[in-house]
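# Understanding the architecture of this molecule
The primary structure of each chain is shown beneath.
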Amino acid sequence: MVHSDLAAATTPVATRKRVFSGIQPSGDSHIGNYLGAIRNWVDQQAQYDNVFCIVNLHALTLPTIPEQLLANSISMTNVLLAAGIDPERSILFLQSDVREHSELCWLLGSVCTFGELSRMTQFKDKSSGKGEESISSALFYYPVLQAADILLYDTNLVPVGDDQKQHIELARDIAQRFNHRYDGGLVVPQPDIKEAGARIMALDDPARKMSKSVGGPNSCIFLVDDADTIWKKVKRAVTDSGSVVEATPEKPALANLLTIYSLFSGEPIDEIVQRYEGKGYGAFKGDLAEVVVTALAPIQARLTELNANPDIARGVLRNGAERARETAVQTMERVRSRMGLVLA
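Computed from a predicted structure; not experimentally measured.

## A word on the overall build of the chain
- Assigned secondary structure in the chain consists of 12 helices and seven strands.
- Viewed in the frame of its principal axes, the chain has a C-alpha envelope of about 75 × 45 × 40 Å.
- Expressed as a percentage of the 344 residues in the chain, the buried residues total 49%.
- Of the contacts made within the chain by residues no fewer than 6 positions apart, 75% connect residues no fewer than 24 positions apart.
- Where the 35 positive side-chain charges of the chain centre and where its 42 negative ones centre are 2 Å apart.

## What to know about unusual backbone geometry
- One non-glycine residue, Asp-154, lies in positive phi territory at about 50°.
- For Asp-154, the position within the fold is in the loop between α6 (137-151) and β4 (157-159).

## Quick notes on the nonpolar core
- Of all hydrophobic cores here, the largest spans 54 residues; its most connected members are Ile-38, Leu-92, Ile-260, Phe-264 and Phe-284.
- Of all the secondary-structure elements, those providing two or more residues to this core are α1 (31-43), β2 (49-54), α2 (66-83), β3 (91-94), α8 (227-235), α9 (252-265), α11 (280-307) and α12 (311-338).
- Ranked by residue count, the leading element in this core is α11, at 12 residues.
- Leaving out residues up to four positions away in the same chain, Leu-92 has contacts with Phe-52, Ile-54, Thr-77, Leu-80, Leu-81, Ile-85, Val-316, Leu-317 and Gly-320.

## A closer look at the packing of aromatic side chains
- As enumerated under the stated definition, the model contains nine aromatic pairs in all.
- For the ring pair Trp-41 and Phe-52, a centre distance of 5.3 Å and an interplane angle of 20° mean the geometry is stacked. Placement of the pair is Trp-41 in helix α1 and Phe-52 in strand β2, with a sequence separation of 11 residues. In this pair, the class of Trp-41 matches that of Phe-52, namely buried.
- An aromatic cluster of three or more residues is present, and its members are Phe-20, Phe-93 and Tyr-153.
- Just above the ring of Tyr-276 sits the side chain of Lys-279; from NZ or CZ to the centre is 5.7 Å.

## Concerning α6
- The end-to-end C-alpha distance of α6 is 22 Å, a good match for the 21 Å that 15 residues give at a rise of 1.5 Å each.
- Along α6, the sharpest kink reaches roughly 40°, centred on Pro-143.
- The buried fraction of α6 is high, at 12 of 15 residues.
- For α6, the full list of buried residues reads Leu-139, Phe-140, Tyr-142, Pro-143, Val-144, Leu-145, Gln-146, Ala-147, Ala-148, Asp-149, Ile-150 and Leu-151.
- Where α6 begins, one side-chain oxygen reaches toward the backbone nitrogen of Ala-138, 3.0 Å away; that side chain belongs to Ser-136.

## Quick look at the pairing of strand β1 (residues 18-23)
- The buried count for β1 comes to five of six residues, which makes it a mostly enclosed element.
- Examined bridge by bridge, β1 and β2 share six bridges and lie parallel to one another. Paired with Arg-18 across the two strands is Asp-49, which belongs to β2.
- Between β1 and its parallel partner β2, the chain crosses via α1, and the hand of that crossover is right-handed.

## A look at the environment of Asn-33
- Position of Asn-33 relative to the elements: it lies in helix α1.
- Asn-33 gets classed as partly exposed once you look at its relative accessible area, which sits at 25%.
- Taking C-alpha positions, Asn-33 is 8.5 Å from Met-210, a pair spaced 177 residues apart along the chain.
- Of note is the side chain of Asn-33, whose polar atom sits 2.9 Å from the backbone nitrogen of His-30.

## Side note on the packing of α6 against helix α7 (residues 165-182)
- Where α6 meets α7, the axes come as close as 9 Å, and the angle between the chain directions of the two elements is 70°. Accordingly, the angle class assigned to the pair α6 and α7 is roughly perpendicular. Crossing angle aside, the handedness with which α6 passes α7 is right-handed. Packed against α6, whose contacting residues are Tyr-142, Pro-143, Gln-146, Ala-147, Ile-150 and Leu-151, the element α7 presents His-167, Ile-168, Leu-170, Ala-171, Ile-174 and Ala-175 at the interface.
- Of the residues that constitute the contact of α6 with α7, the class distribution is 10 nonpolar, two polar and no charged.

## Considering the confidence of the model for the chain
- Per-residue confidence for the chain gives a mean pLDDT of 91; residues scoring 70 or more make up 92%.
- Within the model, the stretch residues 1-8 combines pLDDT values under 50 with 19 contacts to residues more than four positions away or in other chains.

## Brief notes about the side chain of Lys-285
- Mapped onto the elements of the fold, Lys-285 is located in helix α11.
- Look at Lys-285: it is buried, it has no salt bridge, and the nearest opposite charge is Asp-240 at 9.7 Å.
- Look past the residues within four positions of Lys-285 in its chain and what remains in contact with it is Val-234, Lys-235, Arg-236, Ala-237, Thr-239 and Leu-257.

## Topic: the packing of α9 against α11
- Direction vectors running N to C along α9 and α11 enclose 40°, while the axes themselves pass 9 Å from each other. The angle between α9 and α11 places the two elements in the oblique class. Here the hand of the crossing between α9 and α11 comes out left-handed. Across the interface between the two elements, Leu-254, Leu-257, Leu-258, Ile-260, Tyr-261, Phe-264 and Ser-265 of α9 pack against Tyr-281, Phe-284, Lys-285, Asp-287, Leu-288, Val-291, Val-292, Ala-295 and Leu-296 of α11.
- Residues belonging to the contact of α9 with α11 are distributed by class as follows: 13 nonpolar, one polar and two charged.

Basis of the calculations
- Counting restarts for each chain, with residues numbered from 1 along the sequence as it is written.
- Restriction of local features to residues with pLDDT of at least 70 applies here, the model being predicted, together with a cutoff of 80 or more for giving and counting side-chain atom pairs; totals for whole chains, interfaces and linings are based on all residues.
- Heavy atoms from the whole structure form the basis of all side-chain values; hydrogens and water molecules are not counted.
- Runs of H or I in DSSP of at least four residues are treated as helices and runs of E of at least two as strands, each being numbered from the N terminus.
- When accessible area is computed with a 1.4 Å probe and restricted to protein chains, residues below 20% of their type maximum are described as buried, those above 50% as exposed, and intermediate ones as partly exposed.
- Every residue pair with non-hydrogen atoms within 4.5 Å of one another is taken to be in contact.
- Under the convention used here, Asp and Glu are negative, Lys and Arg are positive, and both His and the chain ends fall outside the count.
- Here the site of a charge means NZ on Lys, CZ on Arg, CG on Asp, or CD on Glu.
- Only buried residues count toward a nonpolar core. Its members are Ala, Val, Leu, Ile, Met, Phe, Trp, Tyr and Cys residues joined through side-chain atoms within 4.5 Å.
- What counts as a ring pair is set by centres within 6.5 Å for rings of Phe, Tyr and Trp (its six-membered ring), and what kind of pair is set by the plane angle: stacked under 30 degrees, edge-to-face over 60, tilted for all other angles.
- A ring has a charge above it when a Lys NZ or an Arg CZ is no more than 6 Å from the ring centre and no more than 35 degrees off the ring normal.
- Any helix carries an expected span of 1.5 Å times its number of residues minus one.
- Working definition for bend: take the seven residues up to and ending at a residue and the seven starting at it, fit an axis to each, and measure the angle between the axes.
- In protein, a polar contact requires one atom able to donate a hydrogen and another able to accept it; more generally it is a pair of N or O atoms within 3.5 Å, and residues adjacent in sequence count only if both atoms are side-chain atoms.
- When DSSP finds two or more bridges between two strands, those strands count as paired.
- When the strands point away from the viewer, a crossover counts as right-handed if the path from the first strand over the helix to the second runs clockwise.
- Comment: axis = line fitted to C-alpha atoms, over the contacting stretch for helices; angle = value between 0 and 180 degrees taken between N-to-C directions.
- Should an angle fall under 35 degrees it is taken as roughly parallel, and over 145 as roughly antiparallel, whereas 65 to 115 is taken as roughly perpendicular and any remaining angle as oblique.
- If you view the pair so one helix is near and one far, a crossing is left-handed when the near helix is turned anticlockwise from the far one by less than a right angle, and right-handed when it is turned clockwise.
- In this count, Pro and Cys sit with the nonpolar residues alongside Ala, Val, Leu, Ile, Met, Phe, Trp and Tyr, while Asp, Glu, Lys and Arg are called charged and the others, Gly among them, polar.
- Per-residue confidence from the prediction method is given by pLDDT, with values spanning 0 to 100.
- A pair is scored as a salt bridge if a Lys or Arg side-chain nitrogen falls within 4 Å of a carboxyl oxygen belonging to Asp or Glu.

Quick look at the structure:
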């Protein structure tokens, strides 16, 4: 099962909460991206008023090649469309196409402190071991732009993993401080953290989040991997001592594989554990590989079609930017007025 049936639980438009989600155009996407975020975005389209953003400005925190950044932006758009994001129901756009993101980022910097940014764990992690002269100031200022992304659209909920919760708390602090100083004007968002699948771990190290930039060649399964590659990666995935298939704190590797199985198949973990009682890891891994291959097949087929015609993604992004600007412009008019930046 790729994602749940959306038609059965559609929330009336007038009562929907606004949700903002951003994703970096970082190249090939893997099942950690899909199960941890994209799949949830697809499933929530019938419930919320969704704004999805390819955050290419955030990608500039690290050195980039212009042609590659553009190609990655189109590629990520195609992944979202292939996974099930519907541009008729949700807004999907490129961050740099809505200049209000950059403007609001600068204005919010006036109500965010150096100390707050210095305490951000992601900045500490990404700058660790590097000299000050080699660290981009954009990496330090990244959370303010992230706050601007969220606050620009009167966002109620922000789907994030545990590792991003600190950034949402900062966005909330910035919004509350702005509202106190300028007598309101910004909606204070809430984090939306899913219990299952928020952190899919690496196949070769269950203590580390799945990532294409860290770990060996078998650490993650890419959405474009063919069946043979998926089978090999699953078969080589690290397992815990013993042979009992169970999801316990003492067996983090099996717990991760069971989570992947459950999210792709739609079956509860308890039922999966019962099925493999007395069968061992070999049978479980073989079936897990088949579940992953089957679930990714329709996504891969649609992705092939979209990659062959990049004008589809370009059209979606242009239309999405026009729709996003409608809200962004209104927010900035309100913010400028409250900050005393508009002539009477």
